Amino acid sequence: MAQTKGLRKKRQVVTFIILMLLWEAGSESIQYSVLEETESGTFVANLTKDLGLRRGELAARGARVVFKGNRQHLQLDPQTYDLLLNEKLDREELCGATEPCLLPFQVLLENPLQFFQAALQVGDINDHAPEFPARDMLLKISEITAPGKIFPLKMAQDLDVGSNSLQSYTISSNSHFRVLTRNRSDGRKFPVLVLDKALDREEQPELRLTLTALDGGSPPRSGTIEIQIWVLDSNDNAPEFAQELYEAQVPENSSLGSLVITVSARDLDAGSFGEVSYALLQTDDVDQPFEINAITGEIRLRKTLDFEEFQSYHMDVEATDGGGLSGKCSIVIKVLDVNDNAPELAMSSLSSAIPENLPETIVAVFSVSDADSGHNQQVICSIDDNLPFLLRPSAENFYTLVTEGALDRESQAEYNITITVTDMGTPRLKTQHNITLLVSDVNDNAPAFTQTSYTLFLRENNSPALHIGSVSATDRDAGANAQLTYSLLPPHDPQLPLASLVSINADNGHLFALRALDFEALQAFEFRHRLLVLVKDNGEPALSASVTLHVLLVDGFSQPYLPLPEVAADQAQADPLTVYLVIALASVSSLFLFSVLAFIAVRLCRRSRAAWVGGCSVPEGHLPGHLVDVSGTGTLSQSYQYEVCLMGGTRASEFKFLKPILPNFPPQETWEGNEGKPYFSE
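I will try to describe carefully the structure that is included in this document. (Residues numbered from 1 in each chain as written. Predicted model: local features only at pLDDT ≥ 70, side-chain atom pairs only at ≥ 80, totals over all residues. Heavy atoms only, no water.)

Turning next to the overall build of the protein. Within the protein one finds seven helices and 44 strands. In the protein, which comprises 682 residues, the share counted as buried stands at 42%. In the structure as shown, the protein presents an accessible area of about 36300 Å², 52% of it carried by carbon and sulfur atoms. (Helix = DSSP H or I, 4+ residues; strand = E, 2+ residues; numbered from the N terminus. Buried < 20%, exposed > 50% of the residue type's maximum accessible area, 1.4 Å probe, protein only. Areas by Shrake-Rupley, 256 points an atom, 1.4 Å probe, with all protein chains shown as cover.)

So, on to the side chain of D158. Mapped onto the fold, D158 is located in the loop between β9 (150–152) and β10 (166–171). Here D158 is buried and forms no salt bridge, its nearest opposite-charge partner R221 lying at an N-O distance of 7.8 Å. Looking at D158, its side chain comes within polar contact range of the main-chain nitrogen of D160, at 3.1 Å. D158 has contacts with H128, A129, P130, N164, S165, L166 and D215, leaving out every residue within four places of it along the chain. (Lys, Arg positive; Asp, Glu negative; His and termini not counted. Salt bridge = Lys/Arg side-chain N within 4 Å of Asp/Glu carboxyl O. Polar contact = N/O pair within 3.5 Å; in protein donor to acceptor, adjacent residues only side chain to side chain. Contact = heavy atoms within 4.5 Å.)

What follows covers the state of the cysteines. Summed over the entire model, instances satisfying the criterion amount to one disulfide. With its sulfur 1.9 Å from that of its partner, C95 forms a disulfide with C101. One quick way to see it: the torsion about the S-S bond of C95 and C101 is about 65°, and its sign makes the bridge right-handed. Take C95 and C101: they sit in the same class, and that class is buried. (Disulfide = S-S within 2.5 Å.)

With that settled, the discussion passes to a negative patch on the surface. Judged by side-chain charge, D200, E202, E203 and D233 come together as a negatively charged surface patch. The residue D200 is located in the loop between β12 (189–195) and β13 (206–215) in this model. The exposure class assigned to D200 is partly exposed, which follows from its relative accessible area of 33%. (Patch = residues over 30% accessible without salt bridge, like charges linked within 9 Å, V, L, I, M, F, W, Y side chains within 5 Å. Charge placed at Lys NZ, Arg CZ, Asp CG, Glu CD.)

Let's shift gears to the pattern of salt bridges. For the coordinates displayed, the defined rule picks out 15 salt bridges. With its nearest N and O atoms 3.9 Å apart, the salt bridge here joins R91 to E99. The exposure class of E99 is partly exposed, given its relative accessible area of 46%. Salt bridges sharing common partners tie together R91, E92, E99 and D124.

Right, let's talk about the sheet that holds strand β29 (residues 398–403) for a bit. Taken together, the four strands give an open sheet; going across it, the order is β24-β26-β29-β28, and neighbouring strands pair in antiparallel fashion. Edge strands, defined here as strands with exactly one partner in the open sheet, are β24 (344–350) and β28 (389–393). Strand-to-strand, the axes of this sheet are offset by a mean angle of 25°, without reference to chain direction. With six bridges connecting them, β24 and strand β26 (residues 362–369) associate as antiparallel partners. Following the sheet pairing, L350 is matched in β26 by A364. (Pairing = 2+ DSSP bridges. Axes fitted to C-alpha atoms, helices over the stretch in contact; angles between N-to-C directions.)

How two aromatic rings sit relative to each other is given by the distance of their centres and the angle of their planes. Taken as a whole and assessed by the stated rule, the structure comprises eight aromatic pairs. On the numbers, 6.1 Å between centres and 50° between planes, the contact of F241 with Y278 is tilted. Of the two residues, F241 is situated in strand β15 (residues 240–241) and Y278 in strand β19 (residues 276–282); the sequence distance between them amounts to 37 residues. The burial state of F241 is the same as that of Y278; both residues are buried. (Phe/Tyr/Trp six-rings, centres within 6.5 Å; stacked < 30°, edge-to-face > 60°.)

Right, let's get into the sheet that holds strand β30 (residues 414–423). Strand order in the open sheet made by the four strands is β25-β31-β30-β27, with mixed pairing throughout. Strand pairing shows two members of the sheet lacking a second neighbour, β25 (353–355) and β27 (379–382), which therefore form its edges. Recorded for the sheet is a direction-independent mean angle of 25° between the axes of neighbouring strands. One ladder, built from four bridges, connects β27 with β30; its direction is antiparallel. Across the sheet, V379 pairs through a bridge with D423, a residue of β30.

Looking along a regular strand, one sees the side chains alternate between the two faces of the sheet. Because side chains alternate across strand β21 (residues 298–301), one face comprises the buried residues I299 and L301, and the other comprises E298 and R300, none of which is buried. Bridge count for strand β17 (residues 259–262) against β21 is three bridges, and the pairing is antiparallel. Paired with L259 across the bridge in β21 is R300. As judged from the three bridges shared by strand β20 (residues 290–292) and β21, these two strands associate in the antiparallel manner. By the bridge assignment, E291 is partnered in β21 with R300. Linking β20 back to β21 in an antiparallel pair, the connection comprises five residues, with G297 at a positive phi of about 80°.

Turning to its location among the elements, R409 is positioned in the loop between β29 and β30. Judged by relative accessible area, R409 falls into the buried class, the value being 15%. Only 3.1 Å separates the side chain of R409 from the side chain of E410, close enough to count as a polar contact. Beyond its immediate sequence surroundings of up to four residues, R409 is in contact with E356, V439, S440, D441, R476, D477 and A478.

Structure, rendered in structure tokens:
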């Protein structure tokens, strides 16, 4: 497993991954075997037992099987979680001539995250017969050829491996030739024809033989080719190549028509017997990517190469003179890898949304790979620097994308994450994968009122269900967590049922007077009584905030009076003599005021009255626009008002009911005798 070399200053995660390394040093992977062409759904292994897990643990932990390239050759039984074959496998398609054919895979457990390295070995069956590249071939042999001369023949192809591959060649019965089976440098077998008895053109100018290729299966499979032999007249020198083996290298991105190598042969004969022509005798692939100039011996590229498909090519070149004699050489062409494959990213697990306030949360699990080799195969994986996420290497070529810390939806509700995978080749190629991650809301913000205080006014004898004002609160959360509900909490002292006087709309915070309020009736109560206005959201758990509603008596249009606790304490400690003096003064003033009012009532019974409050007059039946004006009949003829003060900042406010102040009116003649100027008695 690749080691993390360091963290850059901006938290970029850079890790070199060399594919095809072991998962951990010293660990051994689990290996299973299955024959190719086995039916889909065939039982492969009891994965729970092999991994040493408890029954049902694979299902509980979200087990899955991950192959390179996102091909699922195996599957997990949804009931038993046994390992089953997902599809018919063709060993030749998957591995070609590579033996053994191993398909590495990982067993991924998501919760908690754990990897198990394993491999599936696909066994070969004898499902391919040897095949020759052509149905017949022609040999021209001089009659003066000495016995023991060897002639190369076309080689058959068998896609099977091991004992099922091509094993030997045989030739039909004749008196002149026998066939030998020889091994090439790469282990493949090819036939050569050996002349045992000299030919006589006059006796037999032409021979037809059948060459048979046999594999080692049980029963063996075979392929045949017909060999036609022309016996030529005397030509005592065959072409000979300068080398028996030619080797060349060609980059896989070479352009079509590029010169790969030039072969050369010479013939000591003269005339047409000394003229040599070249031909490709044998290739590993019938549709080989090379061609040869028959006159010059230049071998050029005629088809695009791909290192990932074939890394080398073996072929034979035959040089034939005008008399039909031929010579042979072998060519090995190695394909050089270039960085022509961008890295690949395969997502194994992805979460599209995660809750806020959770640290170290796994967002995605993915693997990276590169089809190139060597230095071109090494990759770097990174994300943007300014994101609160980390990339952590897991097993072999796997990464996990995790949050660096707790996320806050109110700060940012959505993240666009770009994962960049860059290889180390020249030029560097990269692949980018974009992830959109939503941060789901958690009820972590309590409601808050929008104002620090609320002041409401109301006259007595109001209409029932009168809207007297509103309170408002907000919540930074979203969805159900931001839906607010308003309510009034009952007071601690039940003597004055204030909750029966005022109600609040649970949805919008509108306040209503439930019934007509009577100043005199409320004045009979003694109370410092409180109503709590509660607002809460619909989150889980619900969060709330509250303010206190105090009831105050107000005299006329005077301001609400709410003594501070310190002032109240000082008044309680005042000298009792001062209290008595105030009571006496109030009594005398009341008697005097009553006498004056009685006198004025007789003289001015049909005149308009004006109400005077603290030196300010208010016409009867008219209130300022910002007050709630309610018409009605009560027990008194004077006008009163209620004043509601809602203090949001201190979470406390009060109502105060104040006594009425009656205006003093002078006699009618007094008004006239003072030239229209008003006169006030003391």
